[in-house]
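# Secondary and tertiary structure notes
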Amino acid sequence: MEIRALETFLKIVECGSFSQAAAKLGYSQPTVTMQVKQLERELGARLFDRIPHGVRLTDEGRRFSFHANEVLSAAERAADAVRPSSAAGGRELVGTLRIGGVESVSTALLPDVLAAFAREHPHVRLEVRATRGDYLAELARANEIDLFYTLDRKLALRGFERSLIRAEDIVFAAKPDVCSCQKPLEPSELARLPFVLTERGESYRSELDRALAEHDCSIEPVIEAGNTETLVHLAERGVGIAFLPRYAVENSFAARTLEPVPTALEPVRMWVQSFRHREKWVTPAMAAFAELAERMLGESGMQRDEGGAA
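Below or above, wherever it landed, is the structure these notes cover. (Residues numbered from 1 in each chain as written. Predicted model: local features only at pLDDT ≥ 70, side-chain atom pairs only at ≥ 80, totals over all residues. Heavy atoms only, no water.)

## Section: the packing of aromatic side chains
Operational definition: Ring geometry is summarised as follows: Phe, Tyr and Trp rings, the Trp one being its six-membered ring, pair when their centres sit within 6.5 Å, and such pairs are stacked at plane angles under 30 degrees, edge-to-face over 60 and tilted between the two. Only runs of H or I of at least four residues qualify as helices and only runs of E of at least two qualify as strands under DSSP, and these elements are numbered from the N terminus. Summary of the burial criterion: residues with accessible area below 20% of their type's maximum are buried, those above 50% are exposed, and those between are partly exposed, where the area comes from a 1.4 Å probe applied to protein chains only.
Going through the model one piece at a time under the given rule, you end up with 10 aromatic pairs. Note on Phe18 and Phe48: the rings are 5.8 Å apart at their centroids and 75 degrees apart in plane angle, and the pair reads as edge-to-face. One end of the pair, Phe18, is in helix α2 (residues 18–25); the other, Phe48, is in strand β1 (residues 48–51), with 30 residues separating them in the sequence. Overall, Phe18 belongs to the buried group, its relative accessible area being 7%. A relative accessible area of 4% places Phe48 in the buried class. Judged by centre distance (5.7 Å) and plane angle (80 degrees), the rings of Phe148 and Phe160 are edge-to-face. Of this pair, Phe148 sits in strand β5 (residues 147–152) while Phe160 sits in strand β6 (residues 160–174), placing them 12 residues apart in sequence. For the pair shown, Phe148 and Phe160 are each scored as buried.

## Some details on the side chain of Ser252
Our working definition: By the criterion applied in these results, polar contacts are pairs of N or O atoms within 3.5 Å in which, for protein atoms, one can donate a hydrogen and the other can accept it, and in which residues neighboring in sequence qualify only through two side-chain atoms. The criterion used for residue contact is that any of the two residues' heavy atoms lie within 4.5 Å.
Of note, Ser252 is situated in helix α11 (residues 246–255). Residue classification places Ser252 among the buried positions, given a relative accessible area of 6%. Only 2.8 Å separates the side chain of Ser252 from the side chain of Glu236, close enough to count as a polar contact. Once residues within four sequence positions are removed from consideration, Ser252 is found in contact with Val232, Glu236, Thr257 and Leu258.

Here it is as C-alpha cells:
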C-alpha cells in the first residue's frame, strides 16, 4: 500500500470528487481512478459510492479514512524526527494542525489563540473548520480534524477525551432603544418581542426554546442566521433581541451598542469544552495548541475527564 495512494484517497474525501482531487494533486483523472481501484483491490473493499456531481464514502471508506490519516501522520512524524533543529537548540514544531469549532467559538474565542500559536510556531500550518457540534464529532471520528471546541452543556461523547475549559453565560442582548424594561421580562412578554436567533438545533437556541416551552411560549424570530457576528450586527441595528454567549457580545456591552435584557427565565450557562479522539496520537503541535488554548481561554477550576458513552 503506497503513501501516494493514501494521499490521493484522502484528497478525494476532502474534495468530494475524483476530478477536483486530481486537479489539486496535479494528476490526471484516470491516474486518480487507477490509484483508487488499486487501493480497493488491495483492501478487498469498496471505498466510494458514486453520486450525482461527486462521490461519498462507503461505511468501509469511513472506517479506513481514520487510519489512513494516522498513517500519513506517522509518516510526517518520521520525517520530522530527522529534520534539522532550530537555531535555538530545540526542535521546531512543523506539520499541519486541523482545528474544529462551533461557529461562536471559532469567531469569538479561537482567533486570539490561533494568532498566538502562529506567532510561536510559524512552521505549523493551521486549518480551521467551523460547523455544528454534532458534525465536528463526525469529522473527528473520520480523522479529518485533530481536535475541536464546542459550547454546550457538559457533553459525554463515546470514544473522546474531553477538557472542560470554562463556563459561559448565555445572555439576551438588545439595542438600548429596542427594549426599555424596568423589571425582568416574563416569558409571555419575551415571546411578543422581535428576535434574531441562531438556527434551530444549535445548543443555546435549543435551551431557549426548551425554557420557553416550559411556560407554553415560543419565539418566531425575525431572522435566523448561523453566524454569531451577523446576529450581533443585526441586534446593534435594532432588528431584534439576540440570545448569545456573553463573550460574543461583551465588546458591544462595553461600547453600549447593546445592553443586557433582564428576564424571569432561569439563567442558561454552558461550557466551552474541547475534544480529541481517544485513539488519536497526540502530536507535539496538538499538545502545544491544547495547552495554549486552555491557558488563554480557561479559568481556575478547569477540569479534564474521559467523557462517557453518548
